[in-house]
Amino acid sequence: MAKRQWRTRLADTLIRWGAALKPAPALVPPPTVLAPQLPDARQQAAISQLPGLRAPLSIEEAVRERDLTVLKREASDALAALAAAHAVVTSARLAQLHNLRQAVERGELEEQEMVDFAGDYQAWQNDQVRLFDALALVLGMAVPEGGAFEQIDEDLLESAEAHLTALGAEYQRRLLSEQFENGQKEG
């Protein structure tokens, strides 16, 4: 994606988050609605696929509502899909690198351009290896049946819930931080 598209996407996301955090005061009272119609299941499924309309993942909800085996399967599926997509891009970049090498041999391209691209390709390949390592780690994990809070002694539930809240906040903070850093690198 081009730098401008990333900036636009980040700006749109930040505007939506800002609007969600502090909605504009209504100057005119909204009209009363007798019976609000909720979207049907098909509309909700379509809305959930749109990044701007889909609610962000809540770690707390996922941990509370899903069994550990389901979380493991979801993590494995997501890592497998990301690793496969990454492998496809890496493979295409390798083919592109071979084409660049041939162009350098024919004298159509300077060697430095190929060296720069080779460094980029190597970074993609290293990330691909890390993704497949993470997938192997998750697939090899043994998780007990049941939810996370079913595995915790009742005396520790309150502190476990506080810890989960802190983990969720840290995850969201890191996502925002990463998005801001990526936006600054592009600018």
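Keep in mind that what you see is a predicted model, and the values were worked out from it rather than measured.

1. Topic: the overall build of the protein chain
Then, number 1: For the protein chain, the count of helices and strands is six helices and zero strands.
Then, number 2: When the elements of the protein chain are put in sequence order from the N terminus, they spell out α-α-α-α-α-α.
Then, number 3: Counting every position in the protein chain, which comprises 187 residues, the buried fraction comes to 16%.
Then, number 4: When contacts within the protein chain are restricted to residue pairs at least 6 apart in sequence, those whose partners lie at least 24 apart make up 73%.
Then, number 5: Working note: accessible area of the protein chain is about 14600 Å², and carbon and sulfur atoms make up 59% of it.

2. A word on the side chain of glutamine 128
Then, number 1: Positionally, glutamine 128 belongs in helix H5 (residues 111-140).
Then, number 2: Using a relative accessible area of 17% as the deciding quantity, one classes glutamine 128 as buried.
Then, number 3: Among the polar contacts made by the side chain of glutamine 128, one reaches the side chain of threonine 90 at a distance of 3.2 Å.
Then, number 4: Not counting residues up to four positions away in its chain, the partners in contact with glutamine 128 are His86, Ala87 and Thr90.

3. Digging into the pattern of salt bridges
Then, number 1: As enumerated under the stated definition, the model contains seven salt bridges in all.
Then, number 2: Put simply, arginine 130 and aspartate 127 hold a salt bridge, and the shortest N to O gap is 2.2 Å. Taken as a pair, arginine 130 and aspartate 127 lie in helix H5 at a separation of three residues, close to a single helical turn.
Then, number 3: Since its relative accessible area comes to 51%, arginine 130 is described here as exposed.
Then, number 4: The exposure class of aspartate 127 is partly exposed, given its relative accessible area of 31%.
Then, number 5: In this structure, arginine 173 engages glutamate 170 in a salt bridge whose closest nitrogen and oxygen atoms are separated by 2.7 Å. Of this pair, arginine 173 and glutamate 170 both sit in helix H6 (residues 157-186), three residues apart, roughly one helical turn.
Then, number 6: A relative accessible area of 47% means that arginine 173 is categorised as partly exposed.

4. Notes on the packing of helix H4 (residues 68-105) against H5
The angle between the axes and the distance between the axes are what describe a pair of packed helices.
Then, number 1: Interhelical geometry of H4 versus H5 gives an angle of 160 degrees and a closest axis separation of 8 Å. Accordingly, the angle class assigned to the pair H4 and H5 is roughly antiparallel. Relative to H5, the crossing made by H4 is left-handed.
Then, number 2: Of the residues contributing to the contact of H4 with H5, the split by class is 23 nonpolar, six polar and six charged.

5. Comments concerning H5
Then, number 1: An ideal rise of 1.5 Å per residue puts 44 Å on 30 residues; H5 measures up with 43 Å between its terminal C-alpha atoms.
Then, number 2: Of the residues making up H5, those classed as buried are Met114, Phe117, Tyr121, Gln128, Leu131, Leu135 and Val138.
Then, number 3: The secondary structure elements touched by the buried residues of H5 are H4.

6. A word on the nonpolar core
Here is a general trend for soluble globular proteins: nonpolar side chains tend to be buried in one another's company.
Then, number 1: Residues Leu97, Leu100, Ala103, Val104, Leu109, Met114, Phe117 and Tyr121 constitute the largest nonpolar core, which totals eight residues.
Then, number 2: Ranked by residue count, the leading element in this core is H4, at four residues.
Then, number 3: The next biggest cluster of nonpolar side chains, apart from the first, holds five residues, and it includes Leu79, Ala83, Leu131 and Leu135.

7. Let's talk about H4
Then, number 1: Taking 1.5 Å per residue as the helical rise, H4 with its 38 residues ought to reach 56 Å, and the 54 Å between its terminal C-alpha atoms agrees with that figure.
Then, number 2: Here H4 has its buried residues at Leu68, Ser76, Leu79, Ala83, His86, Thr90, Leu97, Leu100, Ala103 and Val104.
Then, number 3: The positive-phi residue at the C-terminal boundary of H4 is glycine 107, with phi of around 85 degrees.

8. A few points about the environment of alanine 148
Then, number 1: Of note, alanine 148 is situated in the loop between H5 and H6.
Then, number 2: The spacing of alanine 148 and arginine 66 is 82 residues in sequence and 8.3 Å in space, taken between C-alpha atoms.
Then, number 3: Residues in contact with alanine 148, not counting those within four places in the same chain, are Val63 and Leu68.

Rules and cut-offs
- Residues numbered from 1 in each chain as written.
- Predicted model: local features only at pLDDT ≥ 70, side-chain atom pairs only at ≥ 80, totals over all residues.
- Heavy atoms only, no water.
- Helix = DSSP H or I, 4+ residues; strand = E, 2+ residues; numbered from the N terminus.
- Buried < 20%, exposed > 50% of the residue type's maximum accessible area, 1.4 Å probe, protein only.
- Contact = heavy atoms within 4.5 Å.
- Areas by Shrake-Rupley, 256 points an atom, 1.4 Å probe, with all protein chains shown as cover.
- Polar contact = N/O pair within 3.5 Å; in protein donor to acceptor, adjacent residues only side chain to side chain.
- Salt bridge = Lys/Arg side-chain N within 4 Å of Asp/Glu carboxyl O.
- Axes fitted to C-alpha atoms, helices over the stretch in contact; angles between N-to-C directions.
- Parallel < 35°, antiparallel > 145°, perpendicular 65-115°, else oblique.
- Left-handed = near helix turned anticlockwise from the far one by under 90°.
- Nonpolar A, V, L, I, M, F, W, Y, C, P; charged D, E, K, R; others polar.
- Expected span 1.5 Å × (residues − 1).
- Core = buried A, V, L, I, M, F, W, Y, C linked by side-chain atoms within 4.5 Å.

Note that every value here comes from positions in space, so none of it alone points to a role or purpose.
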